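Listed below, chain by chain, are the residues.
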Amino acid sequence: MKEEQMNAVGTAISVCEGCRLCRTRNNTVMGEGNVNSRILFVGEGPGQEEDKQGRPFVGPAGQLLDKMLLSIGLDRSKVYIANIVKCRPPQNRVPEEDEAEACLPFLRKQFAIIKPDIVVCLGATAARYLIDRNIRITRDRGNWYEKKGCSFIATFHPSALLRDQDKKKDAWEDMKKIREKLDGIQ
Ligand code: URA
């Protein structure tokens, strides 16, 4: 049931021409994972490898995300992973506001299907569009925000962790909080 609903969203995404990113994409990246999961991870947008494969977080940042998941006993079969925009921004630039706004209805549909208890925003872009426009990732990461009957938290994007190892300690604290929250609801 949920799978069929999610497939329908994927079909709509695959033919979307709602913003300029459709002109430069090779593949749309709708997201993937367990539609019955209690937890949804949201990144920024597909990179080069994701654009090539049509799957989220399959490049270097994805390998680190897999390790972050494993560190708290999760893997891709237990979570759902999506992005703010479903098409790769050229040169991996941050999505423009109008691109994000054009794409957000797809993520809202995915949220409505999954009905997660927890949303993890990976990086500033996801946090900005899903938690608060004025959020600052270094200041506000690791805090819980209750919205729409769901607990939202922001942590560093795995790409940021690859660039700056010093951030890993904080990210680990965030992952532990996420594990504790999951334990509390299951
Ligand atoms: N970075 C993202 O934000 N999302 C992906 O899917 C890959 C890299």
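Shown above is the structure to which this text applies.
The text that follows walks through the structure, step by step, so that each part is easy to find. (Residues numbered from 1 in each chain as written. Predicted model: local features only at pLDDT ≥ 70, side-chain atom pairs only at ≥ 80, totals over all residues. Heavy atoms only, no water.)

Before going further, it helps to spend a moment on the nonpolar core. Counting residues in each nonpolar core, the largest one holds 54 residues, and the members touching the most others are F41, I84 and L130. Residue contributions to this core peak at seven residues, all from helix α4 (residues 97–114). In contact with L130, other than residues within four places in its own chain, are V42, I84, L104, L107, V119, C121, K147 and F152. (Core = buried A, V, L, I, M, F, W, Y, C linked by side-chain atoms within 4.5 Å. Buried < 20%, exposed > 50% of the residue type's maximum accessible area, 1.4 Å probe, protein only. Helix = DSSP H or I, 4+ residues; strand = E, 2+ residues; numbered from the N terminus. Contact = heavy atoms within 4.5 Å.)

Further remarks concern the site of the ligand. G43, E44, G45, E50, P56, F57, N83 and H157 make up every residue found near the ligand. One nitrogen or oxygen atom from the side chain of N83 is found 2.8 Å from a nitrogen atom belonging to the ligand. Separating an oxygen atom of the ligand from a side-chain N or O atom of H157 is a distance of 2.8 Å. When the residues that make up the shell around the ligand are grouped by side-chain class, the tally is two nonpolar, four polar and two charged. (Near = heavy atom within 4 Å. Polar contact = N/O pair within 3.5 Å; in protein donor to acceptor, adjacent residues only side chain to side chain. Nonpolar A, V, L, I, M, F, W, Y, C, P; charged D, E, K, R; others polar.)

Turning our attention to the sheet that holds strand β3 (residues 80–83). On the basis of which strands lie adjacent, the open sheet formed by six strands has the order β1-β3-β2-β4-β6-β5 and mixed pairing. Two strands in the sheet have a free side with no partner beyond their single neighbour: β1 (32–33) and β5 (144–147). Set on the sheet, α4 makes contact with β2 (39–43), β3, β4 (118–122) and β6 (150–155); between it and β3 the angle comes to about 165 degrees. Docked against the sheet, helix α8 (residues 168–185) engages β2, β4, β5 and β6, running at close to 165 degrees with respect to β6. (Pairing = 2+ DSSP bridges. Axes fitted to C-alpha atoms, helices over the stretch in contact; angles between N-to-C directions.)

Below, the discussion takes up unusual backbone geometry. In this structure, F57 is a non-glycine residue whose phi angle is positive, near 50 degrees. Along the chain, F57 turns up in the loop between α2 (48–53) and α3 (60–71). Residue class for F57 comes out buried when judged on its relative accessible area of 5%.

Looking now at the pattern of salt bridges. Counted by the stated rule, this structure contains 19 salt bridges. Close ionic contact of E32 with R76 constitutes a salt bridge, the shortest N to O distance being 3.4 Å. Pair noted here: E32 is in strand β1 and R76 is in the loop between α3 and β3, with a separation of 44 residues, a long-range link. Among the ionic pairs, K181 bridges to E146, the shortest N-O distance being 3.9 Å. Taken together, the positions of K181 in helix α8 and E146 in strand β5 put the pair 35 residues apart, joining distant regions of the chain. (Salt bridge = Lys/Arg side-chain N within 4 Å of Asp/Glu carboxyl O.)

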